[in-house]
Amino acid sequence: AALDAIAKGCNLPLEDGLKAETEAFLPLIGSPISRNLIAVFFMTQRLQKDAGTADASVKPRDVGQVGVIGAGIMGAGIAGANVRRGVPALLIDAAPAALEKGVAAVAKSLQSRVEIGRMTIPEATAALSRLSSSLTVNALSDRDVVIEAIVENEAAKVKLYGEIEKLLPPGAILASNTSTISISRMAKSVKAPERFAGMHFFNPVDRMQLVEVIRGEKTGDATVVTLVALAKRIGKTPIVVRDCPGFLVNRILFPYLNESLVMLEEGASPRGLDKAATAFGMPMGPVTLNDLVGLDTSLYAGRVINTAFADRAANTHILDDLVAAGRLGQKTGAGFYTYAKPGRGADDPALTAMLEKQGKTRREIGMEEMTDRLFLPMLTEASRVLS
Ligand code: NAI
């Protein structure tokens, strides 16, 4: 509406321009969109003041420097977010090539900030100087917070905690970036469960504001407020959530992704589903999102959530079939769509053939039905979360 008013008004005399502005503005007042945007604004304001616990007397601990273990997609992003905002970070990976790639990813993200004018060269250099790296965990002895971002494998994570706990300074906090593994369950294997929590960033860390701070059964208030304060300090928007499968965001997202799979198997076109979602306001549709996340990751996370909420999870096969065929999404050049080069995927008749092979009756599904079936499950899941 603002752009419209400018376009209409800029070549008119002042009086007429102001009239165009008034006409564009009036219908917005009190509209559902306006009401919701105002509500989001106040929620964000409240969140900025929210320390993360009901007890206001609990103060965050000082965090001088952090450690990040696992220099993959997420670990490199998390280390980058810290050094950019002045928090020294030690990035660790057991694989030399992965560490090299992780450090290069941090450097590249700083460089691209310089290129788009969001950072000066001295600022980027200073940020990079706050990054250190290591192939072993021995250097963790001066880290106040350690964020673990290694592979999504519970046994590997728990083994690592056993190795590093004895190295950490007294009072240090250990946080996991896991997307699906129970924090309370992993806490059983650590010596100080009150100083263990989830700190779940989103991909790409550079661009996603939200961070879920996950409180396990035994996580202490001081741990929660310290992680909330750290997330704010590095420019993120933290929310404190309970430990349940999918935490908050994935628990609400997966019913939507799952319903897109059900509709694909019923005959909906992938492009149609993506269009219905973007027309509703999503930045990208569910089929493209699945290809971006990686179908193996999505399959694994989806299983955890479908098992936990079996009463409302419809089982589908197409993800299993694609993963079995080595089609893991953009990262392998093919998933639901094919990717000759990065960017928008191309429709693939092989997908239709795989769907038809399932032998289910297929029918066309209209936009309205797609929209309802994609978004209503999100709404009902969000209501359940609240209750
Ligand atoms: P990744 O596979 O890109 O990176 C994992 C890194 O950990 C690898 O470089 C590997 O060499 C290293 N590693 C494995 N075991 C190690 C050990 N014992 N000590 C040191 N380094 C070790 O994985 P990604 O995608 O970065 O995921 C990491 C964690 O973040 C997982 O728990 C995942 O569920 C979670 N996550 C992933 C998101 C995503 O979109 N990829 C989003 C949010 C959370």
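Conventions used here
Residues numbered from 1 in each chain as written. Predicted model: local features only at pLDDT ≥ 70, side-chain atom pairs only at ≥ 80, totals over all residues. Heavy atoms only, no water. Helix = DSSP H or I, 4+ residues; strand = E, 2+ residues; numbered from the N terminus. Buried < 20%, exposed > 50% of the residue type's maximum accessible area, 1.4 Å probe, protein only. Lys, Arg positive; Asp, Glu negative; His and termini not counted. Salt bridge = Lys/Arg side-chain N within 4 Å of Asp/Glu carboxyl O. Polar contact = N/O pair within 3.5 Å; in protein donor to acceptor, adjacent residues only side chain to side chain. Pairing = 2+ DSSP bridges. Axes fitted to C-alpha atoms, helices over the stretch in contact; angles between N-to-C directions. Near = heavy atom within 4 Å. Areas by Shrake-Rupley, 256 points an atom, 1.4 Å probe, with all protein chains shown as cover. Nonpolar A, V, L, I, M, F, W, Y, C, P; charged D, E, K, R; others polar.

Visitor: So what exactly am I meant to see when it comes to the side chain of Asp-274 here?
Guide: For Asp-274, the position within the fold is in helix H11 (residues 270-280). The buried charged residue Asp-274 lacks any salt bridge, with Arg-271 as its nearest oppositely charged partner at 5.0 Å. For Asp-274, the side chain forms a polar contact with the main-chain nitrogen of Val-287, separated by 2.9 Å. Polar side-chain contacts of Asp-274 include one of 2.6 Å to the side chain of Thr-288.

Visitor: Help me understand the sheet that holds strand S1 (residues 66-69) in this model?
Guide: Adjacent strands of a sheet form backbone hydrogen bonds with each other and so pair up, either parallel or antiparallel. With mixed pairing, eight strands are arranged side by side in an open sheet as S3-S2-S1-S4-S5-S6-S7-S8. Each of the sheet's edge strands pairs with one partner strand only, and the pair in question is strand S3 (131-134) and strand S8 (237-242). The sheet shows a mean angle of 25 degrees between the axes of neighbouring strands, taken without regard to direction. Pairing of strand S2 (residues 89-92) with S3, which is carried by four bridges, proceeds in the parallel orientation. Residue Ile-92 lies in a different strand from S3, and its bridge partner there is Ser-134.

Visitor: What should I look at first to understand the site of the ligand in this one?
Guide: In the vicinity of the ligand lie 20 residues, with Met-74, Asp-93, Glu-152, Lys-157 and Ser-179 positioned nearest. A distance of 3.1 Å separates an oxygen atom of the ligand from a polar atom in the backbone of Ile-73. Residue Ser-179 places a side-chain N or O atom 2.7 Å away from an oxygen atom belonging to the ligand. For the ligand, whose free accessible area comes to 840 Å², the fraction covered by protein is 76%. Listing elements by their share of the shell around the ligand, those giving two or more residues are helix H4 (73-84) and strand S6 (196-201). A per-class count over the shell around the ligand returns ten nonpolar, seven polar and three charged.

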